[in-house]
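An overview of the molecular structure
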Amino acid sequence: MKFDLFGRRFSTLLLPTAIAIAAYGCGNSATAESPTSPPASSAATSDATPAEAAESPAQPESNGNPAPEQATVRPRITEGYYAMGGTGQGLEVRGNQYRYYDEGGEQEWRPIRELTAINPGHLFDGENYWCHSDSVPEGGGLCTANGWQAYSSIGKISSAELSLGGVEAGAAEAEVIGQLGEPDQFEQVSPFSTKLTYRGLSVSFFEDAAATIRSVSPNYCTPSGLCPGATVAEAERLYGAPLVEPRSDADYWQYTNTDAACTMELEVTNETVGAIAILCQI
């Protein structure tokens, strides 16, 4: 890449309330009111909490043939308090029930079978991921599809991700035309800048170096395979938690690079990535 380093762009990110305080503050009253006592033993836990129990292996056939392969063991759902991070909301698991709570109080208990265990201490409720409050990273973090992600690592990508459809940030105009062919539209924006437009992709140059690459087509994706039209869950799985900048038209997810002055920006509406842009100052 042929561009100079420059000051990184930053976006707003609402910091969470103290997770541990919120969780255990509500937990004291929740324990007293809990309709379900904690299991007395590990065996009782398995019997009382179907979502925590391992599936029973298949039994051997009566004719003496070997038993079928054992069924997959599901992760256990650990009791205690869970948080998403970035909000004051919490989730409590006790026995075979769970409930949500926030600064306003606790909601009604619900059956634990509504939850999916990703790993011990890591749950999905059909909309959000929840991580056990006992394992919050130092300095706080957000619960993602991959578990807790520390704030210090949020919104970071490697230099290898600064391209779309194989067009790299900093590439010369002749390189891009040699790679993609003649553009559908050529624009001389200023004496120092030009813009090439292809169907689904645009590339803006400053002093003959690609400074902005924007894709709205699944034909032009990131090196890790994120394409316009993907879900935000897929984006988070590939890149972790972003810096989020809400705007009037959409939410903009941003990932910065520590070695180059570039940002990858995802335009998000209705939980879907509508456009992906690589933004650099040359």
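The notes below deal with the structure included here. Please read all numbers here as calculations on a predicted model, not as lab measurements.

Brief notes about the packing of aromatic side chains
Counted under the stated rule, the structure contains 6 aromatic pairs. Plain terms: the ring middles of phenylalanine 192 and phenylalanine 206 are 6.5 Å apart, the flat faces sit at 45 degrees to each other, and that makes the pair tilted. In this pair, phenylalanine 192 sits in the loop between strand E14 (185–190) and strand E15 (193–198) while phenylalanine 206 sits in strand E16 (residues 201–206), placing the two residues 14 residues apart along the sequence. With a centroid separation of 5.7 Å and 50 degrees between ring planes, the pair formed by tyrosine 239 and tyrosine 255 is classed as tilted. Pair noted here: tyrosine 239 is in helix H4 (residues 232–239) and tyrosine 255 is in strand E19 (residues 251–257), with a separation of 16 residues, a long-range link. Tyrosine 255 sits in the buried class, given a relative accessible area of 0%. Here the aromatic cluster, defined as three or more aromatic residues joined through ring pairs, consists of Tyr98, Tyr100 and Trp130. The ring of tyrosine 252 has arginine 247 lying over it, and the distance from NZ or CZ to the ring centre is 3.7 Å.

Some details on the state of the cysteines
Counted under the stated rule, the structure contains 3 disulfides. In this model, cysteine 262 is linked to cysteine 280 through a disulfide, with the two sulfur atoms separated by 1.9 Å. Torsion about the S-S bond of the cysteine 262 and cysteine 280 cystine: about 115 degrees, corresponding to right-handed handedness. Linking cysteine 262 in strand E20 (residues 262–269) with cysteine 280 in strand E21 (residues 272–280), this pair joins segments that are 18 residues apart in sequence. Each member of the pair, cysteine 262 as well as cysteine 280, is classed as buried.

Cut-offs and rules
- Residues numbered from 1 in each chain as written.
- Predicted model: local features only at pLDDT ≥ 70, side-chain atom pairs only at ≥ 80, totals over all residues.
- Heavy atoms only, no water.
- Phe/Tyr/Trp six-rings, centres within 6.5 Å; stacked < 30°, edge-to-face > 60°.
- Helix = DSSP H or I, 4+ residues; strand = E, 2+ residues; numbered from the N terminus.
- Buried < 20%, exposed > 50% of the residue type's maximum accessible area, 1.4 Å probe, protein only.
- Lys NZ or Arg CZ within 6 Å of the ring centre and 35° of its normal.
- Disulfide = S-S within 2.5 Å.

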